Amino acid sequence: MKPIRSALISVYNKDGLEPLVRTLAGFGTTLYSTGGTQQFIESLGLSVVPVESLTGYPSILDGRVKTLHPKIFGGILAKRDEAHLGELQRYEIPEIDLVVVDLYPFEDTLAQTDDEAAIIEKIDIGGISLIRAAAKNFRDVAIVADRSGYAPLLEVLRAKNGCTELSDRQFFARRAFAVSSHYDTAIYRWFDRSGGGGAFKQSVLDSRPLRYGENPHQSGIYYGRLEDLFDIHEGKELSYNNLVDIDAAVILMREFLASEPTFAILKHTNACGVATRPTLRAAWDAALAADPVSAFGGVFVCNREVDLETAEAINQLFYEVLVAPGFSPEAKVLLAAKKNRILLRIKHWETQPRVFKSILNGVIEHDADLRTETEADLNAVTLAKPGAAARRDLLFALKCAKHLKSNAIALVKNEQLLGMGCGQTSRVDALQQAIHKARQFGFDLSGAVMASEAFFPFPDCVEIAHAAGIAAVAQPGGSIKDADSIAFCDAHGLAMVLTGVRHFKH
């Protein structure tokens, strides 16, 4: 454990800084600062040491040089060993245990002006140098490189009585290099704006640090250009989990672009409500009815512009993200009033043709699952044949099941997901979960259809489905016991189609 006895704080944006400064002062930390940050700290009634009192130089060259001095960087970069500490003492350089800094708003400036001189002045030199120096010396120094690091640092300080551990400093250093990498990439892209490179190069170079990864103790980075796919109208910063859920929502809704108004509600990448109706409001109501409990805090997506009537209904429920091709002016005003809810206008529905996943000590890659069953894929293998309405619902159910985690079952009636089972270790468990969900919310399964993303190894699933009132079943087929499932269906009047297409999703 290392106590933070001294901290250099120099930030462009002071939002959210006060709690951190007061906490550090409360632990007796000596605060060093510059310019506007120094004035901000003094305005809080706290003691602060001006950087120029260490360096012997004021801010010069219109602020281009403030902290670039051995008495600053020596205190940050010194190893806490006898040799380096001896040099610090010889040259009267104080140790600096924490650096809190942010960077000039280069990307914001790009969005606001084409003035080259103004853009160049927002290329940070001192800040980026402080970040690299502190992150390099993470064994002895902690670094917070942007506002998103304030809360994690406060948590550490309060839990550890003003100290940090090596694992904490490594965590902050990793985040700091993510910030510097993103910043330098933005500058590179501006200088290279007339050069080539292609979309893949850009997606690798474009990165942004996330608040954290899947959980708060995990760091995260997004590589890509969200602005090419979405207009982000309102809401808080997108998180790792938001991005994963949005990806699942977009891929699912892509299946319904040619359909009438369709709404889907997702939770942890799985659809808990999907419905197609003549109007978007009716589609919303039907999707929500499938599981109004799981819908809370979910990600919503639809294939039509959101009108005011639909927005008024959506606005009654808390959600994380709403994705739509557009929002009427009145709907946008209403939905944007709640600032923590994210509104995304999707510009196009194209998806990546290849999927990558890190695994073991490498990466696996495969084709994205872009296969969607059509009428031609519904091969009826039972004496009872599904009618037009049942075939429509079977295709709807197959789309839903395709995008649920395996093992997966989708129960559908009148183009409405009534119940789903997903992520189960047996297909029977998935089916029983789906039936329970449907009954929990008052649905009658008589005449409904069932789709499975993979084959039935035994006839138990069709037996359970028949007992629940299911009238027609879709599955890929391919089990050595397909004949047993077909025989049961024939004996009990169920219709079953085999598609020949499996949709495992792990």
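Small disclaimer: the values here were computed from a predicted structure and weren't measured.

(A) Highlighting the pattern of salt bridges. In total, this model carries 23 salt bridges according to the counting rule given. Residue Glu18 is joined to Arg22 by a salt bridge in which the shortest nitrogen-to-oxygen separation is 2.8 Å. Here Glu18 pairs with Arg22, and both are found in helix α1 (residues 18–26), just four residues apart, close to one helical turn. Judged by relative accessible area, Glu18 falls into the partly exposed class, the value being 33%. Under the relative-accessibility criterion, Arg22 is labelled partly exposed at 37%. Note that Arg392 is salt-bridged to Asp393, the shortest N-O span being 3.6 Å. Residue Asp393 is classed as buried on the basis of its relative accessible area, which comes to 4%. Here the salt bridges share partners, and the residues they tie into one network are Arg80, Glu95 and Asp97.

(B) Looking closely at the sheet that holds strand β5 (residues 98–101). Across the sheet, five strands lie side by side as β4-β3-β2-β5-β6; this open sheet has parallel pairing. Of all the strands in the sheet, just β4 (49–50) and β6 (142–144) have a single pairing partner and so form its edges. Both strand β2 (residues 6–10) and strand β3 (residues 30–33) contribute to a ladder of four bridges, which runs parallel. Its bridge partner being in β3, Ser6 is matched across the sheet by Thr30. In the packing of helix α2 (residues 35–43) onto the sheet, the strands contacted are β2, β3 and β4, and the crossing angle to β3 comes to about 140°.

(C) Local environment of the packing of helix α4 (residues 70–77) against helix α8 (residues 126–136). Between α4 and α8, whose axes approach to 8 Å, the crossing angle comes to 30°. As the angle between them shows, α4 and α8 are arranged roughly parallel. Taken together, the residues of α8 that come into contact with α4 (itself represented by Ile72, Phe73, Ile76 and Leu77) are Gly126, Ser129, Leu130, Ala133, Ala134 and Lys136. Taken together, the residues of the contact of α4 with α8 break down into seven nonpolar, two polar and one charged.

(D) Inspection of the nonpolar core at higher detail. If you look at the biggest cluster of nonpolar residues, it comprises 70 residues, and the most contacted ones within it are Phe263, Val306 and Leu322. Setting aside its immediate chain neighbours within four residues, Leu322 contacts Phe263, Phe300, Val306, Ile314, Phe327, Leu335, Ile342, Leu343 and Leu344. Core analysis: the second largest hydrophobic core is formed by 54 residues, Leu46, Leu130, Val144 and Phe171 among them.

(E) Examining empty space enclosed by the protein more closely. The final tally for this structure, using the stated rule, is two cavities of 30 Å³ or more. Quantified by volume, the largest cavity comes out at close to 70 Å³. Lining the largest cavity, in full, are Ile143, Val144, Ala145, Asp146, Ser148, Gly149, Phe172, Arg175, Ala176, Val179, Pro209 and Leu210. Sorting the residues of the lining of the largest cavity by element identifies β6 and α10 (166–191) as the ones contributing at least two each.

(F) Summary view of the state of the cysteines. Taken as a whole and assessed by the stated rule, the structure comprises zero disulfides. The thiol of Cys272 is not disulfide-bonded; the next cysteine sulfur, from Cys422, is found 9.4 Å away. For Cys272, a relative accessible area of 5% puts it in the buried group. Here Cys302 stays unpaired: no disulfide links it, and the sulfur of Cys272, its closest cysteine neighbor, is 15 Å away.

(G) Region of interest: unusual backbone geometry. Geometrically, the link from Ser406 to Asn407 is a cis peptide bond, its omega value of -10° lying close to zero. Relative to the assigned elements, Asn407 resides in the loop between α16 (388–402) and β19 (409–412). Phi at His268 takes a positive value of approximately 55°, unusual for a residue other than glycine. Within the fold, His268 resides in the loop between β11 (262–267) and β12 (270–276). Residues other than glycine seldom take positive phi values, yet Thr269 does so here, at roughly 75°. Turning to its location among the elements, Thr269 is positioned in the loop between β11 and β12.

Criteria and cut-off values
Residues numbered from 1 in each chain as written. Predicted model: local features only at pLDDT ≥ 70, side-chain atom pairs only at ≥ 80, totals over all residues. Heavy atoms only, no water. Salt bridge = Lys/Arg side-chain N within 4 Å of Asp/Glu carboxyl O. Helix = DSSP H or I, 4+ residues; strand = E, 2+ residues; numbered from the N terminus. Buried < 20%, exposed > 50% of the residue type's maximum accessible area, 1.4 Å probe, protein only. Pairing = 2+ DSSP bridges. Contact = heavy atoms within 4.5 Å. Axes fitted to C-alpha atoms, helices over the stretch in contact; angles between N-to-C directions. Parallel < 35°, antiparallel > 145°, perpendicular 65-115°, else oblique. Nonpolar A, V, L, I, M, F, W, Y, C, P; charged D, E, K, R; others polar. Core = buried A, V, L, I, M, F, W, Y, C linked by side-chain atoms within 4.5 Å. 1 Å grid on protein atoms, 1.4 Å probe; cavity = no way out; pocket = protein on both sides within 12 Å on 5 of 7 lines; lining within 4 Å. Points joined across faces, edges and corners; volume = space filled by probe spheres on them. Disulfide = S-S within 2.5 Å.

In short, the description is geometric, and any link to function would need to be established separately.
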